[in-house]
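This is what each chain is made of:
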Amino acid sequence: MFYRKLVVCLLFALVAGCGGGSGSTTPASGSATAPPIAPPTPSMSVRSAAVARTSALGTSINIELIAQASNFTPAATLYASASDNLGVLQSPVKVSVNDGAYTFSVDTINTVPSGHYSGNLTLKLWRDQALTIPETIPSITTTYDLTVMARENAWPGDKITPLTAMSGAADWSTFQGNNAHTGYVPVDVKPDQIQLRWKRGAVNNSSTGYNTLMSSLVTSNNMFYASYGNKLSAYKEHDGSTVWNYDVSDLKYPSVNPPAVAGGVVYMAAGQQSSTYMFAFDAANGSIRFKSQMSSQWENYLAPVVQDSAVYTSAGTYGGMYGFNQTGDRLFFAGNLSQTSMWSPAVDARAVYAYTGDALTMYEPKSGLVLATIKDSKFQNYTYEVKGSAVIGTNGGVYAAPYANAFINGGGIGNALNRFDTIKGFLDWSVNGVYAVTPAYANGVLYAPNNNPYRVEARAEGDGSLTWYWTPPQSGETSFSSSPIVTKNMLFVSTNLNTYAIDLRSHKVVWSYPASGTLAISQNGILYIQNTDALVSINLK
């Protein structure tokens, strides 16, 4: 009997517990009702990098913020307005959406005084165009850092960071960076990473007056090279300090021209009349590799080009082009060209191209044999100068204009931007304007500064059609001081007042600096602005 009661008690205990007491039961652990799960919190977070920009006084720059919505869906069309605690931003905001990410485009106010502004940017979000119905998330906020600089206080530098190569960049080796003279550097530039590195005194000659030029620098192996006065000098990219220089004052008629650099050697045409030479220097220490005589009158030249161990330059008593091998022996002299100076040959695997205003002439690179000549019957030789170069594109297209003619009568005479078809052998198309500097070229588009109408034009290489243009914003801007530089996403343009970075997608200015001059970008991602007052070095990464 005892055993039977024990079994019954144990069975009962498994269900309700066992023992004396009142018979009440305790709920099993975990059987209580769980609290309701709260819905996810709606949010919108800024994904883009912190805003840190520089702007020239009197100009506006564009800022884009990218934000991602979470746990809610904004209205079919999202509207926004901007405000900030320091009053440097315009209120209107353009909103676009792509794959669930929202891009907010806002501009700074161009009347903000020079100074440093660090504050909060607030974007109020609305469901209607009248801006009366707030969105589920009424606003988002991020910080910004803006420095507005006038010419007289344009230096809150020196961000001297270690030198490292920028992915995609190469040596800036000759006029407009490469032997095709495209001014193209295949890098992505983030405007919020641009910082002023260092500033030093001028390293180049004046660009004003007859037969003078702005001597563009070239870069290689953490150094840059520039000619000034009667000297060629080498400098450290790190801080702009001098490494070596070579003085040509012992020549009978001394002068220097812009250099080129390749394979550890710096090349420069120097001197005039009976004392004209092509020099080759060891890039590291400045020792002379060779000194080969040429002929000339009183001209200046743009930088030579170096390809396949040969160097080419314009020269000659009555015009022409020289070719030398790597030891300084003459390959050829092409004396059949018209008498013009201040141009640089262009070179590719097919030929050496000499644009002299009246014609584009193609030469076999080793022998100097003329391969073809394409004439421009409209050309008038008013100045005996070109002041630029041919630009090699794709599909046999070569582009050039008689740039020096843009300066005649204050630009009233004008000129034309031309495409030469080097495969079919004719002048394909021409666009009239006042093109004073060599255009840049990338991915089928020519970026050509035009003084009349005053703007930078993006033209399709196939037919010269205008795809878009950008007009400098300040009333005092009247000319362009340099050929432009184009990257994967930016166009760098220098006017007579400022230097601008223009986004290729939005066509808006995203960075500016109050100095003008000749532009270059080194393999280390350093932008140089050269003028007769100073050389400015700017980190692009």
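See above for the structure.
Just so you know, these numbers come straight off a predicted model, no measurement behind them.

1. A word on the sheet that holds strand 21 (residues 330-334)
- Pairing is antiparallel in the open sheet, where four strands are placed in the order 18-19-20-21. Edge positions in the sheet fall to strand 18 (305-307) and strand 21, since each has one partner strand and no second. Between one strand axis and the next, the sheet turns by 15° as a mean value, whatever way the strands run.

2. Considerations on the pairing of strand 42 (residues 534-539)
- Counting buried residues along strand 42, six of its six residues qualify, which places the element largely inside the surrounding structure.
- Relative to strand 42, strand 9 (residues 195-201) runs antiparallel, the two being bridged by six bridges. Looking at the pairing, Arg200 lines up with Leu535 of strand 42.
- Relative to strand 42, strand 41 (residues 526-530) is paired through five bridges, and the arrangement is antiparallel. Opposite Ile526, over in strand 42, you have Asn539 as the bridge partner.
- Once strand 41 ends, the chain turns through three residues before running back antiparallel as strand 42.

3. Regarding the environment of Asp145
- By secondary structure assignment, the location of Asp145 is in strand 8 (residues 134-149).
- In the structure, Asp145 is positioned 91 residues away from Thr54 in sequence and 8.6 Å away in space, judged by C-alpha atoms.
- If we ignore the near neighbours within four places in the chain, the residues touching Asp145 are Val51, Ala52, Arg53, His116, Tyr117 and Ser118.
- Here His116 takes part through its side chain, which lies 2.8 Å from a polar atom of the side chain of Asp145.

4. Overview of the packing of aromatic side chains
- Inspection of every chain in the model, using the stated rule, returns 23 aromatic pairs.
- Taken together, a centroid distance of 6.1 Å and an interplanar angle of 45° make the contact between Tyr225 and Trp244 tilted. Of the two residues, Tyr225 is situated in strand 11 (residues 223-228) and Trp244 in strand 13 (residues 242-247); the sequence distance between them amounts to 19 residues.
- Among the residues examined, Tyr225 registers a relative accessible area of 1% and is labelled buried.
- Between the aromatic rings of Tyr355 and Phe420, the centroid separation amounts to 6.0 Å while the plane-to-plane angle is 55°, which identifies the pairing as tilted. Here the residue Tyr355 occupies a position in strand 24 (residues 352-355), and Phe420 occupies one in strand 30 (residues 415-421), the gap between them amounting to 65 residues.

5. Brief notes about the pattern of salt bridges
- Scanning all chains against the criterion turns up 11 salt bridges.
- Among the ionic pairs, Arg53 bridges to Asp192, the shortest N-O distance being 2.6 Å. Placement of Arg53 in strand 2 (residues 51-56) and of Asp192 in the loop between strand 8 and strand 9 is noted, with a sequence separation of 139 residues between them.
- Under the relative-accessibility criterion, Asp192 is labelled partly exposed at 22%.
- For the salt bridge of Glu385 with Lys387, the shortest nitrogen-to-oxygen distance reads 3.9 Å.

6. Concerning the environment of Phe492
- With respect to the secondary-structure elements, Phe492 resides in strand 37 (residues 490-494).
- Counting along the chain gives 20 residues from Phe492 to Ser512, while the straight-line C-alpha distance between them is 9.3 Å.
- Among residues more than four places away in sequence, those in contact with Phe492 are Val189, Pro484, Ile485, Thr487, Tyr500, Ala501, Leu519, Ile521, Leu527 and Leu540.

7. Concerning the side chain of Thr59
- Tracing the sequence through the fold places Thr59 in the loop between strand 2 and strand 3 (62-70).
- For Thr59, the contacting residues outside a window of four places in its chain are Thr108, Ile109, Asn110, Pro473, Gln474, Asn498, Tyr500 and Ser512.

8. Observations concerning the side chain of His181
- For His181, the location among the structural elements is in the loop between strand 8 and strand 9.
- A relative accessible area of 0% means that His181 is categorised as buried.
- Reaching out from His181, the side chain makes a polar contact with the side chain of Ser389 at a distance of 3.4 Å.
- Each residue touching His181, except ones within four places of it in the same chain, is listed here: Thr174, Phe175, Gln176, Val305, Ser344, Pro345, Ala346, Ser389, Ala390, Val391, Thr438 and Pro439.

9. Some words on the pairing of strand 33 (residues 445-451)
- Counting buried positions along strand 33 yields six of seven residues, so the element is predominantly enclosed.
- Here strand 32 (residues 440-442) runs beside strand 33; their pairing, made up of three bridges, is antiparallel. Note that in strand 33 the partner of Ala442 across the bridge is Val445.
- Remark: two residues form the turn of the hairpin made by strand 32 and strand 33, two consecutive strands paired antiparallel; Asn443 in that turn has positive phi of roughly 50°.
- Relative to strand 34 (residues 454-460), strand 33 runs antiparallel, the two being bridged by seven bridges. Across the sheet, residue Asn451 finds its bridge partner in strand 34, namely Tyr454.

10. So, the sheet that holds strand 23 (residues 346-347)
- The four strands lie next to each other as 23-24-25-26, forming an open sheet whose pairing is antiparallel. Since the sheet does not close on itself, it has two edges, and those belong to strand 23 and strand 26 (370-375), each with one partner.
- Alignment of strand 25 (residues 359-363) against strand 26, held across five bridges, turns out to be antiparallel. Within strand 26, the position partnered with Met362 by the bridge is Ala372.

What counts and what doesn't
Residues numbered from 1 in each chain as written. Predicted model: local features only at pLDDT ≥ 70, side-chain atom pairs only at ≥ 80, totals over all residues. Heavy atoms only, no water. Pairing = 2+ DSSP bridges. Helix = DSSP H or I, 4+ residues; strand = E, 2+ residues; numbered from the N terminus. Axes fitted to C-alpha atoms, helices over the stretch in contact; angles between N-to-C directions. Buried < 20%, exposed > 50% of the residue type's maximum accessible area, 1.4 Å probe, protein only. Contact = heavy atoms within 4.5 Å. Polar contact = N/O pair within 3.5 Å; in protein donor to acceptor, adjacent residues only side chain to side chain. Phe/Tyr/Trp six-rings, centres within 6.5 Å; stacked < 30°, edge-to-face > 60°. Salt bridge = Lys/Arg side-chain N within 4 Å of Asp/Glu carboxyl O.

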